[in-house]
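# Working through the structure, step by step
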Amino acid sequence: MSDSWQKAYGELKDYIAKNPSIEISEHIIAISADLRPGFYQLFNTVNLNFIKDNFPASLEQSHALSKNWGEVSQATKDSLKLEALDAEASARYFLLDPGDGLIRGLFDPLFDLLKGKTDFAGFEQIATQILEHRFTKFSHEGYQGWTILSLLKLLATDKIYRVIGSKLANNLDIDDSEHPRELDGSQEENVPDSAEVHNISFAHSLMTSFLVPKIIGHSTRLKLFTAFGFDFDFTEAGWRARKLSPELEWYKIQDILLEFGRGNLWPDLAVYTNTRREEIVVIADYFHIARPDIIVEFREKKDWYEKGGLELVKRHYNVLKPKLGSFVVCRETVPRDVLKELEPKPAPQPAAGDSTPETTAQPTLNLHLLSVGYDIPKLEPIIESIIESIIQAQTKPEEATAEDTTT
């Protein structure tokens, strides 16, 4: 393994020695303005070289993600004439420049090394932990964002809407002076409205009154609205809705908690569709959560399946029971053995002369693994599942009428 970071660290120490006005101690960091550019250039080189030395494959994958995120986000901005399209704050620098986004997490550890509060081994240990976390977090959020923007493209989205109003579910939108902050289901309010916007934000909501879609798009391809809810891991709705959409199927959250407990309940993405956007402005209130049409999970790593990733996918499927199924979008090729696990298994047949009643086959989950990488057309099965449901809904009444005329 290369130790170029230690050589760069030696150059940084030489720079400090040659400029005695720089003072770095346990409680003081003093670097004059004229020396800061040179200091931080060497400082950042140390951290970047540490990443290159220890995580070359992950860094290469990060640059591929950054490139594809940049392409699809720019195409989305152009096609929808957006004024802004922002990734989640902590991932923004990473998606623009992976090296820059990653070294920001090593600022304090490297200063601790310079201060003598730790040694090379201590720095390597804490830096490795930080980088593994940041690679995992930013890669997941970035790939999720890439997929959502790619789906908007495949849907031929022409307009974007966002749920608005002071009673929205976002901690940035609640006016404390006008609305009390009871988030225990005791506050009942009308559901908020939605309006066309010219920006997309993947920022996380830390506290919500109602759980609402981050994005509602109008699809010219499907001639309906598609709502994307992807904040489940970060928010729980705190208010009770005065009236929820009768066009959606609602689960009682208490029933879900009783059956599944509290851990790992919600998927990466839930998709809702409707011909009227006012029917899909709220995904959940304090007591209820809407059954989605589709749930989508994202897997960026090659070994996600070996680490039990499919069990979590099945859990999310069983919790929300999406109408049109669950899709797992994979950045790496899905092994054939994994695909076989989801194939329907025939019911075991009794041996000759055995009077034991026949055992029925296990029900097949409507769950699909997609080896997508960054090939946008490979996301088509998600769109096709919606199209198929539309066709079925349109043909059923006609079939019933035909039968009636023959009787």
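Residues numbered from 1 in each chain as written. Predicted model: local features only at pLDDT ≥ 70, side-chain atom pairs only at ≥ 80, totals over all residues. Heavy atoms only, no water.

### Examining the overall build of the protein
Regarding its fold elements, the protein presents 11 helices and 16 strands. Relative to its full complement of 407 residues, the protein shows a buried share of 45%. Excluding contacts between residues fewer than 6 apart, the proportion of contacts in the protein whose partners are at least 24 apart in sequence is 81%. Approximately 20900 Å² of the protein is accessible, and the part contributed by carbon and sulfur atoms is 51%. (Helix = DSSP H or I, 4+ residues; strand = E, 2+ residues; numbered from the N terminus. Buried < 20%, exposed > 50% of the residue type's maximum accessible area, 1.4 Å probe, protein only. Contact = heavy atoms within 4.5 Å. Areas by Shrake-Rupley, 256 points an atom, 1.4 Å probe, with all protein chains shown as cover.)

### Things to note about the confidence of the model for the protein
Any segment with low pLDDT has predicted coordinates that should not be analysed in fine detail. Per-residue pLDDT for the protein has a mean of 87; in total, 85% of the residues score no lower than 70. Contacts from residues 166–180, a stretch scored under 50 in pLDDT, to residues over four places away or in other chains number 36 contacts. Taken together, the stretch residues 399–407 has pLDDT below 50 and engages in zero contacts with residues farther than four places along the chain or on a different chain. (pLDDT = per-residue confidence, 0-100.)

### Notes on the pairing of strand β9 (residues 224–229)
In terms of residue burial, β9 counts as a mostly covered element, since six of its six residues are buried. Alternating residues of β9 divide into L224, T226 and F228 and F225, A227 and G229, and every residue in both groups is buried. As defined by bridge partners, strand β8 (residues 215–219) adjoins β9 across five bridges and the pair is classed as antiparallel. Pairing of G217 across the sheet is with T226, part of β9. Between β8 and β9, which pair antiparallel in sequence order, lie four residues; one of them, K223, sits at a positive phi of approximately 60°. Bridge count between β9 and strand β12 (residues 269–274): five bridges; the pairing is antiparallel. The residue of β12 that forms the bridge with A227 is Y272. (Pairing = 2+ DSSP bridges.)

### Quick look at the sheet that holds β8
Spatially, eight strands are ordered β6-β4-β8-β9-β12-β14-β15-β16 in an open sheet, and the strand pairing comes out mixed. If you trace the sheet from one side to the other, it starts and ends with β6 (193–197) and β16 (367–371), each paired once. Direction aside, the axes of adjacent strands within the sheet are offset by 25° on average. Bridge analysis of β12 against strand β14 (residues 294–299) gives three bridges, and the strand direction is antiparallel. By the bridge assignment, A270 is partnered in β14 with I295. Against the sheet, helix α7 (residues 120–154) engages β4 (157–164), β8, β9, β12, β14 and β15 (326–330), with an angle of about 135° to β14. (Axes fitted to C-alpha atoms, helices over the stretch in contact; angles between N-to-C directions.)

### Some points on the nonpolar core
Counting residues in each nonpolar core, the largest one holds 71 residues, and the members touching the most others are F39 and F228. If we skip the residues at most four places from it in the chain, F39 touches L12, Y15, I16, I22, I24, I31, F111 and L114. The next biggest cluster of nonpolar side chains, apart from the first, holds 32 residues, and it includes V163, L244, I253 and I289. (Core = buried A, V, L, I, M, F, W, Y, C linked by side-chain atoms within 4.5 Å.)

### Description of the packing of helix α3 (residues 56–80) against α7
Close contact between α3 and α7 brings their axes to 9 Å; oriented N to C, the two are set at 30°. As summarised for this structure, α3 and α7 are arranged roughly parallel, according to the angle between their axes. In this structure, the crossing between α3 and α7 has a hand that is left-handed. Residue-level inspection shows S58, L59, S62, L65, N68, W69, V72, S73 and T76 of α3 in contact with α7, the latter providing F135, F138, S139, G142, Y143, G145, W146, L149 and S150. Here the residues of the contact of α3 with α7 sort into nine nonpolar, nine polar and no charged. (Parallel < 35°, antiparallel > 145°, perpendicular 65-115°, else oblique. Left-handed = near helix turned anticlockwise from the far one by under 90°. Nonpolar A, V, L, I, M, F, W, Y, C, P; charged D, E, K, R; others polar.)

### Re the side chain of E297
Tracing the backbone shows E297 in strand β14. Notably, E297 is buried but unbridged: the nearest opposite-charge side chain belongs to R299, and the N-O separation is 4.3 Å. Of note is the side chain of E297, whose polar atom sits 2.6 Å from the side chain of H316. (Lys, Arg positive; Asp, Glu negative; His and termini not counted. Salt bridge = Lys/Arg side-chain N within 4 Å of Asp/Glu carboxyl O. Polar contact = N/O pair within 3.5 Å; in protein donor to acceptor, adjacent residues only side chain to side chain.)

### Structural notes on unusual backbone geometry
Most of the time, phi is negative for any residue but glycine, and the peptide bond is trans. In the Ramachandran plot, A156 falls in the positive-phi region, its phi being about 55° despite a non-glycine side chain. Examined against the element boundaries, A156 turns out to sit in the loop between α7 and β4. Among the residues examined, A156 registers a relative accessible area of 31% and is labelled partly exposed. Not every positive phi belongs to a glycine, and K223 is a case in point at roughly 60°. With respect to the helices, strands and loops of the structure, K223 is situated in the loop between β8 and β9.

### Some remarks on the pattern of salt bridges
Counting across every chain of the model gives 15 salt bridges. Here E311 and K314 are joined by a salt bridge, their closest N and O atoms 3.9 Å apart. Within this pair, E311 and its partner K314 are both found in helix α9 (residues 309–320), separated by three residues, close to a single helical turn. Classification of K314 as buried rests on a relative accessible area of 19%. Within this structure, E247, R276, E278 and E279 form a network of salt bridges that share partners.

### Quick look at helix α1 (residues 4–18)
For α1, with 15 residues, the first-to-last C-alpha span of 21 Å sits near the 21 Å given by 1.5 Å per residue. Among all positions of α1, only W5, A8, Y9, L12, Y15 and I16 are buried. The buried residues of α1 occupy an angular sector of 115° when projected down its axis, which confines them to one face. Turned more than 90 degrees away from the buried face of α1, the exposed residues are K7, A17 and K18. In this structure, the buried side of α1 is in contact with β1 (23–24), α2 (36–54), α6 (107–115) and α7. (Expected span 1.5 Å × (residues − 1). Arc of directions from axis to C-beta.)

### Here we look at the packing of aromatic side chains
Following the criterion strictly, the structure yields 24 aromatic pairs and no others. Relative to F120, the ring of Y9 has its centre 5.4 Å away and its plane inclined at 80°; by these criteria the two rings are edge-to-face. Separated by 111 residues along the polypeptide, Y9 in helix α1 and F120 in helix α7 bring together distant segments of the chain. Owing to a relative accessible area of 7%, Y9 belongs among the buried residues under this scheme. In this structure F120 comes out as partly exposed when scored by relative accessible area, which is 30%. An angle of 0° between the planes, with centres 5.6 Å apart, marks the rings of Y143 and W146 as stacked. You can see Y143 and its partner W146 sitting in helix α7, three residues apart, about one turn around the helix. Residue Y143 is classed as buried on the basis of its relative accessible area of 0%. (Phe/Tyr/Trp six-rings, centres within 6.5 Å; stacked < 30°, edge-to-face > 60°.)

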